[in-house]
Amino acid sequence: MSFRFCPQCATELAQTWAEEDGGPKQRLRCPACGFTHWNNPTPVLAAVVECTDQDGRVLLARNAAWTGKMFALITGFMEAGESPEEGIAREVLEETNLTATSVSLISVHDFQRMNQVIIAFHVQAHGEIRLSPELAEYKLFAPEDIWCWPAGTGHALANWLRGRGIEPRYFDWSSRS
């Protein structure tokens, strides 16, 4: 999120240097009231959804807002008052109608391009798949048939595959049109 005006007093923010614990740092600050926009990364939850009632196949979905045909992990944001594990179980249920029976941490990755920290989980789930309007379509893959992508949640998927004894294969973005 980018701020232009102070959320406390509505004065226009300015890039200003100030002394901080780690030394001088330039950030958006309010010259009137001293508010600092820290611009900390947003935590994003991601799930490698293993469908236990679909022979352990992994659900990848395409976001309705995406123009391409990229299929990816189920992702979302935490709500106030929930743990990351509760949050990803809720996101899986909301976006796919699947009920999580097991949630375990895979890995944590920085995604600086989006100013996010990705907290990735392996979610074992079951049920009848019904996508939310946020998702356009899904595919189920045997783990050994999955190709990873060299960014963001693709690294978490690769970690999960390695944990299963499967050497991940990555898309070559340079050959895609």
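Here the structure is shown first, and the text comes after it.
Residue indices begin from 1 for each chain and proceed along its sequence in written order. Where local features are concerned, this predicted model is filtered to residues with pLDDT of at least 70; where side-chain atom pairs are given and counted, the filter is 80 or more; whole-chain, interface and lining totals use all residues. Only hydrogens and water are set aside; all other atoms, that is, all heavy atoms of the structure, feed into the side-chain values.

Observations regarding the sheet that holds strand 3 (residues 36–37)
In any sheet, the strands associate via hydrogen bonds between backbone groups, in a parallel or an antiparallel arrangement. Taking strand neighbours across the sheet as the criterion, the three strands line up as 1-2-3 in an open arrangement whose pairing is antiparallel. Single-partner strands in this sheet number two, and they are strand 1 (14–20) and strand 3. As judged from the two bridges shared by strand 2 (residues 23–29) and strand 3, these two strands associate in the antiparallel manner. If you follow Leu28 over to strand 3, its bridge partner there is His37. When DSSP locates at least two bridges between a pair of strands, those strands are taken to pair. Numbering of helices and strands runs from the N terminus; a helix is a DSSP stretch of H or I covering at least four residues, while a strand is a stretch of E covering at least two.

Observations concerning the pairing of strand 5 (residues 57–63)
Exposure categories follow from relative accessible area, calculated using a 1.4 Å probe and restricted to protein chains: below 20% of the type maximum is buried, above 50% is exposed, and the middle band is partly exposed. The buried count for strand 5 comes to six of seven residues, which makes it a mostly enclosed element. Note: strand 4 (residues 42–51) against strand 5, three bridges, orientation antiparallel. Among the inter-strand pairings, Glu50 is bridged to a residue of strand 5, identified as Val58. Here strand 4 hands over to strand 5 after five residues, with Asp55 in that stretch at a positive phi of 60 degrees. Strand direction decides the pairing type here: strand 5 and strand 9 (residues 135–141), joined by six bridges, are antiparallel. Within strand 9, the position partnered with Asn63 by the bridge is Leu135.

Topic: the packing of aromatic side chains
Aromatic rings from Phe, Tyr and Trp, taking only the six-membered ring of Trp, are treated as a pair when their centres fall within 6.5 Å; an angle between ring planes under 30 degrees marks them as stacked, one over 60 as edge-to-face, and anything in between as tilted. This structure, assessed with the given rule, holds two aromatic pairs. Ring centres of Phe3 and Phe35 lie 6.2 Å apart, and the angle between their planes is 70 degrees; this geometry places the pair in the edge-to-face category. Here the residue Phe3 occupies a position in the segment before strand 1, and Phe35 occupies one in the loop between strand 2 and strand 3, the gap between them amounting to 32 residues.

Let's talk about the environment of Glu167
Structurally, Glu167 can be placed in the loop between helix 2 (153–163) and strand 11 (169–170). Relative accessible area serves as the criterion here: at 60%, Glu167 is assigned to the exposed category. C-alpha of Glu167 to C-alpha of Glu144: the two residues are 23 residues apart in sequence and 8.5 Å apart in space.

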